[in-house]
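Next come the chains, spelled out residue by residue.
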2 protein chains.
Amino acid sequence: MSKRFDTFGGDEIRMATLAEVARHAGVSASTVSYVLSGKRSISEGTRRRVERSIQELGYHPHAGARALASSRSNIIALMVPLRTDMYVPVMMEIAMAVATTARQHGHDVLLLTGEEGPTAVRRVAASGLADAMILMDVELEDERIPLLRAGDRPAVLVGLPADTAGLTCVDLDFAATGALCADHLADLGHRSVAVVGEAAAVYQRHTGFAERTLQGLRSRAAARGLRLIHRPCEGGYESTAGTLARIFEERPDTTALVVQNESAIVPLLALLRQQGRAVPEDVSVVAVCPDQVATQATPQLTSVAIPAQQMGRHAVELVIAKLGGSPTEEVRLLGPELTVRASSGPAPSA
Amino acid sequence: MSKRFDTFGGDEIRMATLAEVARHAGVSASTVSYVLSGKRSISEGTRRRVERSIQELGYHPHAGARALASSRSNIIALMVPLRTDMYVPVMMEIAMAVATTARQHGHDVLLLTGEEGPTAVRRVAASGLADAMILMDVELEDERIPLLRAGDRPAVLVGLPADTAGLTCVDLDFAATGALCADHLADLGHRSVAVVGEAAAVYQRHTGFAERTLQGLRSRAAARGLRLIHRPCEGGYESTAGTLARIFEERPDTTALVVQNESAIVPLLALLRQQGRAVPEDVSVVAVCPDQVATQATPQLTSVAIPAQQMGRHAVELVIAKLGGSPTEEVRLLGPELTVRASSGPAPSA
DNA sequence: GACATGTGTCGAAGCGCTTCGACAAACACC
DNA sequence: GGTGTTTGTCGAAGCGCTTCGACACATGTC
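Small disclaimer: the values here were computed from a predicted structure and weren't measured.

Before going further, it helps to spend a moment on the overall build of chain A. The helix and strand tally for chain A stands at 14 helices and 12 strands. For 350 residues, the compact-globule formula gives about 20 Å, and the C-alpha radius of gyration of chain A, at 26 Å, lies well above that figure. In terms of principal-axis extent, the alpha carbons of chain A reach across some 85 × 50 × 35 Å. For chain A, buried positions account for 53% of its 350 residues. In chain A, once contacts between residues fewer than 6 apart in sequence are set aside, the share between residues at least 24 apart is 71%. Looking at charge distribution, chain A has the averaged site of its 35 positive side-chain charges lying 7 Å from that of its 39 negative ones.

Glancing now at the protein's contact with DNA strand C. In the vicinity of DNA strand C, 27 residues are found, and the nearest of them are Leu 18, Arg 40 and Tyr 59 of chain A together with Thr 31 and Thr 46 of chain B. If you look at DNA strand C and keep only atoms within 4 Å of the protein, 53% of those are sugar or phosphate atoms. One of the side-chain N or O atoms of Tyr 34 of chain A is found 2.6 Å from a base nitrogen in DNA strand C. For DNA strand C, a base oxygen lies 2.3 Å from a polar atom in the side chain of Arg 40 of chain A.

Another aspect to go through is the packing of aromatic side chains. Here the structure, examined in full by the defined rule, presents 2 aromatic pairs over all chains. Between the aromatic rings of Phe 174 of chain A and Phe 209 of chain A, the centroid separation amounts to 5.3 Å while the plane-to-plane angle is 45 degrees, which identifies the pairing as tilted. In this pair, Phe 174 of chain A sits in helix α8 (residues 174–187) while Phe 209 of chain A sits in helix α10 (residues 209–224), placing the two residues 35 residues apart along the sequence. Each member of the pair, Phe 174 of chain A together with Phe 209 of chain A, is buried. Between Arg 273 of chain B and the ring centre of Tyr 237 of chain A, over which it is positioned, the NZ or CZ distance is 4.1 Å.

Attention now moves to the pairing of strand β5 (residues 169–172) of chain B. Residues and elements named next belong to chain B. Residues Cys 169 and Asp 171 line one face of β5 and the alternating positions Val 170 and Leu 172 line the opposite face, and both faces are buried. Note: strand β4 (residues 155–158) against β5, 2 bridges, orientation parallel. Following the sheet pairing, Leu 157 is matched in β5 by Cys 169. Pairing of β5 with strand β11 (residues 331–334), which is carried by 4 bridges, proceeds in the parallel orientation. Pairing of Cys 169 across the sheet is with Val 331, part of β11.

Right, let's talk about helix α1 (residues 18–25) of chain A for a bit. Residues and elements named next belong to chain A. Taken together, the buried positions of α1 are occupied by Val 21, Ala 22 and Ala 25. Projected down its long axis, α1 shows its buried positions confined to an angular sector of 100 degrees, all on one face. Residues of α1 that are buried sit in contact with α2 (29–37) and α3 (44–57). Of the residues one or two after α1, Gly 26 is the one with positive phi, at around 70 degrees.

Right, let's talk about the interface of chain A and chain B for a bit. The interface is formed by 54 residues belonging to chain A together with 56 residues belonging to chain B. Buried area between chain A and chain B, both sides added, is near 4,900 Å², and the carbon and sulfur share of it is 65%. Looking only at chain A, the three residues that lose the most surface to chain B are Met 92, Met 96 and Leu 111 of chain A, adding up to 13% of its buried area. Run the count over chain A and chain B and you get 4 salt bridges. With a shortest N-O distance of 3.2 Å, Arg 103 of chain B and Glu 116 of chain A are connected by a salt bridge. Put simply, chain A and chain B have 10 residue pairs in polar contact (both at pLDDT 80 or more) between them. Going through the elements one at a time, α4 (63–70), β1 (75–80), α5 (88–104), β2 (108–113), α6 (118–126), α7 (144–150), α11 (237–250) and α12 (262–274) of chain A are the ones with two or more residues in the side of chain A that touches chain B. Top contributing element to the side of chain A that touches chain B by residue count: α5 of chain A, with 9 residues.

A separate point is the sheet that holds strand β9 (residues 284–289) of chain B. All names here are of chain B. Ordered by their spatial adjacency, 6 strands build an open sheet running β7-β6-β8-β9-β10-β12, and the pairing between neighbours is mixed. Each edge of the open sheet carries a strand with a single partner, namely β7 (227–231) and β12 (338–339). As judged from the 4 bridges shared by strand β8 (residues 256–259) and β9, these two strands associate in the parallel manner. Counted as the bridge partner of Ala 256 is Ser 284 from β9. Strands β6 (192–196), β7 and β8 of the sheet are contacted by helix α10 (residues 209–224), whose axis makes an angle of about 160 degrees with β7.

Looking at DNA strand D, there are 27 residues lining it, with Thr 31 and Thr 46 of chain A together with Leu 18, Arg 40 and Tyr 59 of chain B nearest. Close to the protein, within 4 Å, the atoms of DNA strand D belong to sugar or phosphate groups at a rate of 55%. Between Ser 28 of chain A and DNA strand D, the recorded distance is 2.8 Å, taken from a backbone N or O atom to a phosphate oxygen. With respect to DNA strand D, the side chain of Ser 33 of chain B contributes an N or O atom lying 2.8 Å from a phosphate oxygen. Among the secondary structure elements, those contributing two or more residues to the surface near DNA strand D are α2 and α4 of chain A together with α2 (29–37) and α4 (63–70) of chain B. The dominant element in the surface near DNA strand D, judged by the number of residues it contributes, is α4 of chain B, at 5 residues.

Turning to the packing of α2 of chain B against helix α3 (residues 44–57) of chain B, a few remarks are in order. All names here are of chain B. It is at 10 Å that the axes of α2 and α3 come closest, and there the two elements cross at 90 degrees. If you check the angle between α2 and α3, you find them roughly perpendicular. Contact residues: α2 offers Thr 31, Val 32, Val 35 and Leu 36, while α3 offers Thr 46, Arg 47, Val 50, Glu 51 and Ile 54. Its residues assigned to classes, the contact of α2 with α3 comprises 5 nonpolar, 2 polar and 2 charged.

For the rest of this paragraph, the subject is the domain arrangement of chain A. Residues and elements named next belong to chain A. The domains assigned to chain A are domain 1 (18–61), domain 2 (74–172 + 309–334) and domain 3 (174–306). Computed over C-alpha atoms, the centres of domain 2 and domain 3 are 30 Å apart. Counting residues at the interface gives 12 residues for domain 2 and 14 residues for domain 3. Together, the buried faces of domain 2 and domain 3 total about 1,200 Å²; carbon and sulfur atoms form 58% of this surface. Contact with domain 3 buries surface across domain 2, with Tyr 87, Leu 140 and Leu 172 losing the most and accounting together for 42% of the total. For the pair domain 2 and domain 3, the number of links is 1 salt bridge. Across the salt bridge formed by Asp 171 and Arg 212, the nearest N and O atoms sit 2.7 Å from each other. Scanning the region where domain 2 abuts domain 3 turns up 2 residue pairs in polar contact (both at pLDDT 80 or more). Here the side of domain 2 that touches domain 3 is built from residues that sort into 8 nonpolar, no polar and 4 charged.

Rules behind the numbers
Residues numbered from 1 in each chain as written. Chains lettered and ligands numbered in written order. Predicted model: local features only at pLDDT ≥ 70, side-chain atom pairs only at ≥ 80, totals over all residues. Heavy atoms only, no water. Helix = DSSP H or I, 4+ residues; strand = E, 2+ residues; numbered from the N terminus. Rg over C-alpha atoms; globule rule 2.2 N^0.38 Å. Buried < 20%, exposed > 50% of the residue type's maximum accessible area, 1.4 Å probe, protein only. Contact = heavy atoms within 4.5 Å. Lys, Arg positive; Asp, Glu negative; His and termini not counted. Charge placed at Lys NZ, Arg CZ, Asp CG, Glu CD. Near = heavy atom within 4 Å. Polar contact = N/O pair within 3.5 Å; in protein donor to acceptor, adjacent residues only side chain to side chain. Phe/Tyr/Trp six-rings, centres within 6.5 Å; stacked < 30°, edge-to-face > 60°. Lys NZ or Arg CZ within 6 Å of the ring centre and 35° of its normal. Pairing = 2+ DSSP bridges. Arc of directions from axis to C-beta. Buried area = accessible area lost by both parts, 1.4 Å probe. Salt bridge = Lys/Arg side-chain N within 4 Å of Asp/Glu carboxyl O. Axes fitted to C-alpha atoms, helices over the stretch in contact; angles between N-to-C directions. Parallel < 35°, antiparallel > 145°, perpendicular 65-115°, else oblique. Nonpolar A, V, L, I, M, F, W, Y, C, P; charged D, E, K, R; others polar. Domains from an automatic or database assignment.

Right, dumping it as structure tokens:
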């Protein structure tokens, strides 16, 4: 009922400090600190008294002071590619998963764009702004990697560079993904499969995952006696139409398509519909894409999900483990899962 | 040529401190600080000597120490909605623009998800983690707003709440956007226009922008003698098909469509094509969407762009201005721009 | 040459927290 | 009732930076 502390829902003008809490609770500053950190045992009574004071004063420890004294900022830097032309929803999902998981571990997330380039890695590490880093969209020969190796800050990569020695990485097992698609189609009796691939630029940029998927597809296709062709595709209506035409021209017996390029999926389905090729009666379609895309398509797509959330969560967990000094495996590949939906079925002539 | 400092590209194991730089340059610590901040005049010679030392030692000021001493973290918190089901590319684009613009002003960006809720606002402000906040996806009655009003940290909202008193907001002028679309179609001689709206949930959530667009459309339509109907649409193939069918059933004379729901755009075009309605010969289509979506569609869409980058940039600039103590306007509405592309043309009977 | 006025630099005092060693007090043991 | 061990608390010393006042010296002014 005391009016004094009721400045609009408990917001004080001046921020309380540890010392004030200590005075209010009748203990020393260090005691308050230990209550907060739990690094020394505190008697039940004192703890409660301190906690009440914290509550009443609306105390929040000052992040800078804490970082200075403990040389731990409790911040994880997340570096996302500047390029916002591709996989945007996936990136976003990973980023959000990183942010929420980090919070669960008491950390905040600093958002870095690729724009600053490798410099950002140095700046953030050297200034003690972040305790650790998570890098997304890693390329096979990424410029940022030497800096990570040289620096002593824990880091986790989302994606697989060419040389993973000494690095910790998280990624979907794209080779297994490819294999899974091939198996599924082979099981259904298909003999001739076409891959509607990523844009040529993606292969040139050597982001790795596209090649790995293809490789998985190829080797399993060979093992199962599948004929496989692969055509890159820029995505969008026009380009997809061209790719599709070329595929059916070259291999009229094609009965199944594997699509990895998200922006080709909707056009592809529209085109097939328009050409009178029924899915899955005439052509089966298997996609590698986020579940959301697969379930929103018509018909719903049999797909291997891109586990964006999982990737984000794992990245944080690994980075937290490293911060805690735990030994961590180098590469964590997430096992792909294929969900059968309405777009794949037995090969027509079978 | 000295080997001593060549530990792999200039990375020292121990991080240099201000004091070390000062010793190395033969000046006092405060002098180094003033060189860095430029807050006092420094002689040319000293400045150069200090700068060389900084270079040689690879010095980066410690963020925490700086924040503690100056009570400025040089961090802006960006709160994005947790919900990743809508506008994802737009959100991402805004977020990236915020991040890069902030860097240009010497600030970093802390990524907060909506998950933590209004608490995050208090936590970040009270701990001094961030100097200011930018909130995205603001709802008409947003829970976070009272906290912002109570707190003393500068904040900028992206989006318009019901009551903007005392707040600074950035948004596209959606009412003007609606009006612009109506004008464009009226100019082309259309008399009966249908709006393929956002999902019903969007209207219920009162995010504001959808209503404002509609309002702009309606009043200008009335002024220009256009008949207008509006039907919400969930997006996706099925739902769009239903909405479209209902529209043409109710108003067979409809010659133009306005679409705001991004996820309805591609299905809509596919459906029209399939139904044999040529765009723009039989039906004109105007969209409110990012330029990228408009240009990737077939045919390319006449559209009002959602200026995501601009919104992000303006938000940062306003927040920086407020941090600098400059008075700032309350609401900055960005003027919409309509780009005529291939999807709109003269009304058929005209 | 006495005076005011700038300029450039330094020293010291914090900013708010963590953490280490010290030390009473309470308990255990024979 | 001495010894040894916990247990709970405190004081003090920083962490690396900013910033204020002081001060020495160079300049300008009548």
